[in-house]
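Overview (structure and organization)
Chain residues, written in single-letter form:
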Amino acid sequence: MNNEQWEAIIQNDKNYDDLFFYAVKSTGIFCRPSCKSRPPKKENVQIYAAAKEAMQEGFRPCKRCKPGGLRLPDEEWVTQIKEYIDDHYNESITLHTLADLCHGSPYHLQRTFKKVLGISPVEYMQKIRISKAKEYLITTNKSLVEIGAAIGMSNIPYFITLFKKVTGITPIQYRKKENISNE
Ligand SMILES: [Zn+2]
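None of these values were measured; they are calculated from a predicted model. (Residues numbered from 1 in each chain as written. Predicted model: local features only at pLDDT ≥ 70, side-chain atom pairs only at ≥ 80, totals over all residues. Heavy atoms only, no water.)

Tracing the backbone through its elements, the reader meets Arg175 in helix H9 (residues 171-182). Sequence-distant contacts of Arg175, that is, excluding residues within four places in its chain, are made with Tyr136, Leu137, Thr140, Asn141, Lys142 and Ile147. (Helix = DSSP H or I, 4+ residues; strand = E, 2+ residues; numbered from the N terminus. Contact = heavy atoms within 4.5 Å.)

To continue, consider the coordination of the zinc ion. By definition of the ideal shapes, four donors in a tetrahedron about a metal sit 109.5 degrees apart, and six donors in an octahedron sit 90 or 180 degrees apart. For the zinc ion, the full set of protein donor atoms is Cys31 (SG), Cys35 (SG), Cys62 (SG) and Cys65 (SG), at a range of 2.2 to 2.4 Å. A relative accessible area of 12% means that Cys65 is categorised as buried. (Donors = N, O, S within 2.8 Å, 3.2 Å for Na, K, Ca; no water. Buried < 20%, exposed > 50% of the residue type's maximum accessible area, 1.4 Å probe, protein only.)

This part is about the nonpolar core. Core analysis: the largest hydrophobic core is formed by 16 residues, its most contacted members being Trp77, Ile81, Ile85, Leu98, Cys102, Leu109 and Phe113. Contributing elements (two or more residues each) for this core: helix H3 (74-88), helix H4 (95-101), helix H5 (106-117) and helix H6 (121-139). No other element matches H3, which puts four residues into this core. Each of domain 2 (74-121) and domain 3 (123-182) gives at least three residues to this core. Formed by 13 residues, the second largest nonpolar core is a distinct cluster that contains Trp6, Val24, Val45 and Cys62. (Core = buried A, V, L, I, M, F, W, Y, C linked by side-chain atoms within 4.5 Å. Domains from an automatic or database assignment.)

Across the two faces of strand S1 (residues 21-24) the burial is the same, with Phe21 and Ala23 and Tyr22 and Val24 all buried. Taken together, the four bridges between S1 and strand S3 (residues 45-48) define a ladder with antiparallel strand orientation. Looking at the pairing, Val24 lines up with Val45 of S3. Taken together, the three bridges between S1 and strand S2 (residues 29-31) define a ladder with antiparallel strand orientation. For Ala23, the partnering residue across the bridge sits in S2 and is Phe30. (Pairing = 2+ DSSP bridges.)

With that settled, consider the pattern of salt bridges. Summed over all chains, the structure comprises five salt bridges. Its salt-bridge partner being Asp18, residue Arg32 comes within 3.6 Å of it at the nearest N-O pair. Linking Arg32 in the loop between S2 and S3 with Asp18 in the loop between helix H1 (3-10) and S1, this pair joins segments that are 14 residues apart in sequence. Residue Arg32 is classed as buried on the basis of its relative accessible area of 18%. The partner of Glu83 in a salt bridge is Arg60, and the shortest N-O contact between them spans 3.8 Å. Highlighted residues: Glu83 in helix H3 and Arg60 in strand S4 (residues 60-61), separated in sequence by 23 residues. Here Glu83 falls in the partly exposed class, since its relative accessible area comes to 39%. Each member of the salt-bridge network shares a partner with another, and the members are Lys63, Asp74 and Lys115. (Salt bridge = Lys/Arg side-chain N within 4 Å of Asp/Glu carboxyl O.)

Spelled out as structure tokens, the structure:
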């Protein structure tokens, strides 16, 4: 990538559209230079002359700027969002972070995710967190604070409330119950 291309990317310069495309290694997405998505880290950027080449390298077209007129199917977009949650559930993720990383508006992301999977991204993330918490409660002696941190819920009262809402009992009751039934 030369300086001119990098400038075009950070300025969202329309004049460079279709002259080249840029892919971002950390997200697996490629865009037109004019895309309004969050500026990537320079070292993660890969330049392609044609959208087809970026596709061949395994990058997915951005949902927002549709590079080369390519439209990412909703199912694939949702897979991309889901994979991100699967890998990062232990970090603080908001709908806005997700939308930013997966290149779409929060509203659109929420609607599409729900349409494809039947639950919202936040509900999906909570499901993963609670199932990880259950695993930790049964297989380790970690404290609630440690478990909360490991599943991205360092707000312990909130962790307990959510756990109880989903399972009907508190994390500690769950641990006791499971330990007894395993004896
Ligand atoms: Zn884009």
